[in-house]
Number of protein chains: 2
Amino acid sequence: MKKEIVSVIGSGNWGSVIGKIVAENALRYPDLFEAEIRQWVFEEDFNGQRLTDIINLEHENPKYLPGIRFPNNLRALPDLIQASQGATLLVFVLPHQFVREVCEKIKPGISSGARAISLIKGLEITPDHVTLFSEEISRKLNIRVACLSGANIADEVAQKRFCETTIGSQNREDGLLFQKLFDTDYFKVNVIRDHVGVELCGALKNVVAVGAGISDGLGYGSNTKAAIIRLGLMEMRKFGQTFFGTVEDTTFFESCGVADLITTCSGGRNRKVAEAFVKTKKPIDVLEKELLRGQKLQGTLTAHEVYEFLSPRQMTHEFPLFTTVYRIIYENQPVESIVRDITLQ
Amino acid sequence: MKKEIVSVIGSGNWGSVIGKIVAENALRYPDLFEAEIRQWVFEEDFNGQRLTDIINLEHENPKYLPGIRFPNNLRALPDLIQASQGATLLVFVLPHQFVREVCEKIKPGISSGARAISLIKGLEITPDHVTLFSEEISRKLNIRVACLSGANIADEVAQKRFCETTIGSQNREDGLLFQKLFDTDYFKVNVIRDHVGVELCGALKNVVAVGAGISDGLGYGSNTKAAIIRLGLMEMRKFGQTFFGTVEDTTFFESCGVADLITTCSGGRNRKVAEAFVKTKKPIDVLEKELLRGQKLQGTLTAHEVYEFLSPRQMTHEFPLFTTVYRIIYENQPVESIVRDITLQ
């Protein structure tokens, strides 16, 4: 059997954790995977040194994952072509805005029978269409693409705190192979078929977290927050089942569903900024500058996109929580409507 | 149409909140319900006055729900027979140890076509059998009995903080009638058929909360806690579906399922005492004396009963979280096993 040649595309905080896990598992299954794991690292200067040099010499990424040692078989490469040439398994773990360009560049070099897995967060929602990044990669590279999402705060995974995650793979064999690549005793992988549901959860949860944060800002307590989380989970499910026929109920019981939603609504920047939105009465773009150094908040952005998608279909009233979050943030609707308007009439 | 005559049996913290809601809704639907709502109040002395006198004069229960005003049509009665005579709808909201005795006493006086709803928390689990209190009441009184459970911290409901709850009723008409009795704009009632699932959730969630508290005591963070909550929800479902064929997947998406589990694992005494168990290394019975004034902790008790039920069936390994919680609390198994031993091998 030919061994799989694995490339990890991306090296931020989550990408660094994933690179480490993948490199450890490559050593654990020497019959399945080539030992060397190449990781594409966007080159940066770090204290006068090149980040890739530091990673390769010190086996640590001091910028995005300080204090965590990588195994020696993880090799950082600043050149995308070099990092992916001949790869049979591709792990995409980078911000979504780079996906298309990366695919164009690596396409000629990857193995013809390659498969990929997407750990990219978010969706691309336009008024016309919802694009899953796993499907976008699949179209661009003409290969099968699975996805992975779960209740996985990167730093906690890096510290080997027990958690679970979900792989969605239409192809059962691919799913089991990726399970071997990612599963450890502290990072438990469940494989399901419903890749669409897995990926939807990862994006829509952030809208719910904005709702939970608004409730926290109003001091509404645990009952209310639990109700918002539950109603949010039900709208995530309805969104999936309305616009993608294949989404299954049981997906929402997986780590990518209920568990990730719980962590996102407990901590997390979406919840936090929404809480500040209520308490400070400042607009979201101001809070983004103050609290996120100008980065866009994912949950409000997704709420906006979802609204623009539902609106021409005359379906905003069928998703009262998503719609209420949008109206509170962008249309000055009173924050108290987070509890008044979120149940189906 | 004959109006329903409603009796509320019980008047603790939750019973007082429920009495208030029921009395308000009786006025809201004068065609459906007799205005006067009788509530059986276990007579106590409060600052030299009888508690029932205070409730009837001041329209407040200063002992169990201070600061919340009751509507004038709620009448407190110290005599159980007087409080239930001729009732057509009975609301049971009292500690489970009194249920059987109460049923014996009220049976001769209630209306022949009466129906009941149980808000009693907990189950009775012996090595032979799992008894639901709704079914026990049904057997004792020979009437149909529904149940109600949800993410409903009593004080938050009393303050009209928005939340949801679930009614489980095999009989659809009964379910809709009880919905009218309980539903308000801040206390949203969903009615489902699966009364067994509703009642199981209300008891088994406490075992999961002990697991979550152990994880908190160890400082394991949000990923781990979300994983424990998710695995717990799956064991609750499996317990229901293994021992009661009728339990449905979707029940766990209701307020009685995922939402109540979230609140119980966030705040709540079970979580808190379990956290103290890890941090102080004191046995549970000592902590019960110190933190609960000698009251028994529900979650550890239920973990014990569940273990005694699973053990003769050789099924403890099929419920690794429930079993691990039991072993940590009662068999000195290391607390760290809360993450090592809770996934199916």
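Above this text you will find the structure in question.
Being a predicted model, the structure only gives us computed values, none of them experimental.

### Quick word on the packing of helix 8 (residues 195–217) of chain B against helix 11 (residues 269–280) of chain B
Residues and elements named next belong to chain B.
Thought 1: Where helix 8 meets helix 11, the axes come as close as 7 Å, and the angle between the chain directions of the two elements is 40 degrees. Judged by the inter-axis angle, helix 8 sits oblique to helix 11. Every pair of crossing elements has a handedness; the one defined by helix 8 and helix 11 is right-handed. Contact residues: N206, A209, V210, A212, G213, I214, D216 and G217 in helix 8; N270, R271, A274, E275, V278 and K279 in helix 11.
Thought 2: Taken together, the residues of the contact of helix 8 with helix 11 break down into 6 nonpolar, 4 polar and 4 charged.

### A look at the relation of the copies chain B and chain A
Two chain copies, one operation linking them: a rotation about an axis together with a shift along it.
Thought 1: Turning chain B through 180 degrees and shifting it by 0.0 Å along the axis lays it on chain A, with an RMSD of 0.0 Å. Seen this way, the second copy is the image of the first under a two-fold rotation axis.

### Structural notes on the interface of chain B and chain A
Thought 1: Taken together, the contact between chain B and chain A spans 38 residues of the former and 38 residues of the latter.
Thought 2: Roughly 3,200 Å² is buried in total at the junction of chain B and chain A, and carbon and sulfur atoms are behind 62% of that figure.
Thought 3: Along the contact surface separating chain B from chain A lie 4 salt bridges.
Thought 4: We note a salt bridge from E164 of chain A to R230 of chain B, for which the minimum N-O separation is 2.6 Å.
Thought 5: Between the two partners, chain B and chain A, sit 12 residue pairs in polar contact (both at pLDDT 80 or more).
Thought 6: Residue assignment for the side of chain B that touches chain A shows that the elements contributing at least two residues are helix 6 (154–158), strand 11 (163–168), strand 12 (187–192), helix 9 (221–243) and helix 10 (255–266) of chain B.

### Regarding unusual backbone geometry
Thought 1: If you check the backbone angles, Q314 of chain A has positive phi at about 55 degrees while not being a glycine.
Thought 2: Inspection of the secondary structure assignment puts Q314 of chain A in the loop between helix 13 (298–310) and helix 14 (320–330).
Thought 3: We classify Q314 of chain A as exposed; its relative accessible area is 64%.
Thought 4: Phi at K281 of chain B is positive, roughly 60 degrees, even though this residue is not glycine.
Thought 5: Looking at the element boundaries, K281 of chain B is found in the loop between helix 11 and helix 12 (284–292).

Rules and cut-offs
- Residues numbered from 1 in each chain as written.
- Chains lettered and ligands numbered in written order.
- Predicted model: local features only at pLDDT ≥ 70, side-chain atom pairs only at ≥ 80, totals over all residues.
- Heavy atoms only, no water.
- Axes fitted to C-alpha atoms, helices over the stretch in contact; angles between N-to-C directions.
- Helix = DSSP H or I, 4+ residues; strand = E, 2+ residues; numbered from the N terminus.
- Parallel < 35°, antiparallel > 145°, perpendicular 65-115°, else oblique.
- Left-handed = near helix turned anticlockwise from the far one by under 90°.
- Contact = heavy atoms within 4.5 Å.
- Nonpolar A, V, L, I, M, F, W, Y, C, P; charged D, E, K, R; others polar.
- Least-squares fit on C-alpha atoms with pLDDT ≥ 70 in both.
- Buried area = accessible area lost by both parts, 1.4 Å probe.
- Salt bridge = Lys/Arg side-chain N within 4 Å of Asp/Glu carboxyl O.
- Polar contact = N/O pair within 3.5 Å; in protein donor to acceptor, adjacent residues only side chain to side chain.
- Buried < 20%, exposed > 50% of the residue type's maximum accessible area, 1.4 Å probe, protein only.

Bear in mind that shape data such as this cannot, by itself, settle questions of function.
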